Structures are given as C-alpha cells and as structure tokens.
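Observations on the model geometry
What follows is each chain in one-letter form.
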Amino acid sequence: MQKYTYSAKAADNKGKWWIVDAEGAVLGRLATRVASRLRGKDSPLYTPHVDMGDGVIVINAEKVVLTGRKLQQKTYYRHSGYIGGLKEITAGKLMEKRPQDLVRFAVRGMLPKNSLGRKLLRKLRIYRGKDHPHVAQQPGVMKLS
C-alpha cells in the first residue's frame, strides 16, 4: 500500500460564513482570528496554496479597541505615485473616518502577499455598525475568546 500526503483541491472547500462582533475586541487579536479563519487553518484539510477558508463578516468595526498609545502613534502610509504624493494618517483619525479600513489593513497584513491573499481578502466583509446585508448566507457566530 502506498502512503501519500493528501493535497486538498479548491472544490473540497464547503465555504461557510461566520459573523464576528468586534465590539470591545483588541484589533490585533481580532485580526489574527479572522485571518486564520479566512485561510482555513482550523480545517483538517488545510493546504497552504489552496483557498480552504470561510467567509467572515465583521460588525461593529467602530468599537474595536487599540491598546497603549496606538491611536496617536500608529501611522498608515499610502502613495499616489506622484512626486511628493506620500500621504499619512494616524490610527485615531482613521478610526473616526473609516474604522472598517483599520480592521481591513490589520487582516491584510496577516494574509499571504500574493494572488491567494488577494482572493482571501475578497471574502472579508466589514461593517461599521451592527447591520449587514448577509442574512441569506446564514452566518454562524464566531466567538473571539
């Protein structure tokens, strides 16, 4: 009898949806749990080069918590591509304007930096408040503790 390692195919993924309430959650700890679920690392069929993860819906992104002085000191940068086009924004200002981007940047940093990571990020939905339009997906509740 031959022994071999099973490599999962994309068709093996059932693709369930999970909902996460970010109220009172620390940003980094929330992002690690969400990134792990998007990758599918909790699945026994986990294969690093295949999308085996589930979809994740994050609600109450405006109520996420940053520890220490990160609201004043943590800075996000982007560049327009033009000379002198470097823009920066602190985490506190980003939290006021677009708190869902704060969560998205944290999760994106924990995913692979390739086409698989971009595909996984498309299965992440983040909403500022409690309301979301994904009732039809029948999401299960994901506990953070």
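Everything discussed here concerns the structure shown above.
The sections below set out a description of the structure shown in this document. (Residues numbered from 1 in each chain as written. Predicted model: local features only at pLDDT ≥ 70, side-chain atom pairs only at ≥ 80, totals over all residues. Heavy atoms only, no water.)

1. A few points about the overall build of the protein chain
- Secondary structure assignment for the protein chain yields five helices and six strands.
- When the elements of the protein chain are put in sequence order from the N terminus, they spell out β-α-β-α-β-β-α-α-α-β-β.
- Dimensions of the protein chain, computed from C-alpha atoms along their principal axes, come out at roughly 60 × 40 × 30 Å.
- Counting only residues that meet the buried cut, the protein chain has 39% of its 145 residues in that class.
- Sequence-distant contacts in the protein chain: of pairs separated by 6 or more residues, those separated by 24 or more amount to 72%.
- Accessible area for the protein chain stands at about 9,400 Å²; split by element, carbon and sulfur atoms hold 53% of it. (Helix = DSSP H or I, 4+ residues; strand = E, 2+ residues; numbered from the N terminus. Buried < 20%, exposed > 50% of the residue type's maximum accessible area, 1.4 Å probe, protein only. Contact = heavy atoms within 4.5 Å. Areas by Shrake-Rupley, 256 points an atom, 1.4 Å probe, with all protein chains shown as cover.)

2. Thoughts on unusual backbone geometry
- Look at Asn 60: it is not a glycine, yet its phi comes out positive at around 60 degrees.
- Within the secondary structure, Asn 60 sits in the loop between strand E2 (55-59) and helix H2 (70-73).
- Its relative accessible area of 2% is what places Asn 60 among the buried residues.
- Even without being a glycine, Gln 138 presents a positive backbone phi close to 50 degrees.
- With respect to the helices, strands and loops of the structure, Gln 138 is situated in the loop between strand E5 (124-126) and strand E6 (140-141).
- On the accessibility criterion, Gln 138 (64% relative accessible area) is exposed.

3. Here we look at the pattern of salt bridges
- For the structure on display, the rule yields six salt bridges.
- Across the salt bridge formed by Asp 51 and Lys 123, the nearest N and O atoms sit 2.8 Å from each other. Of this pair, Asp 51 sits in the loop between helix H1 (27-39) and E2 while Lys 123 sits in the loop between helix H5 (115-121) and E5; the two residues are 72 residues apart in sequence, bridging distant segments of the chain. For the pair shown, Asp 51 and Lys 123 are each scored as buried.
- Here Glu 62 and Arg 128 are joined by a salt bridge, their closest N and O atoms 3.3 Å apart. Of this pair, Glu 62 sits in the loop between E2 and H2 while Arg 128 sits in the loop between E5 and E6, and the two are 66 residues apart along the sequence.
- Shared partners join several salt bridges into a network, and the residues in it are Arg 98, Asp 101 and Arg 104. (Salt bridge = Lys/Arg side-chain N within 4 Å of Asp/Glu carboxyl O.)

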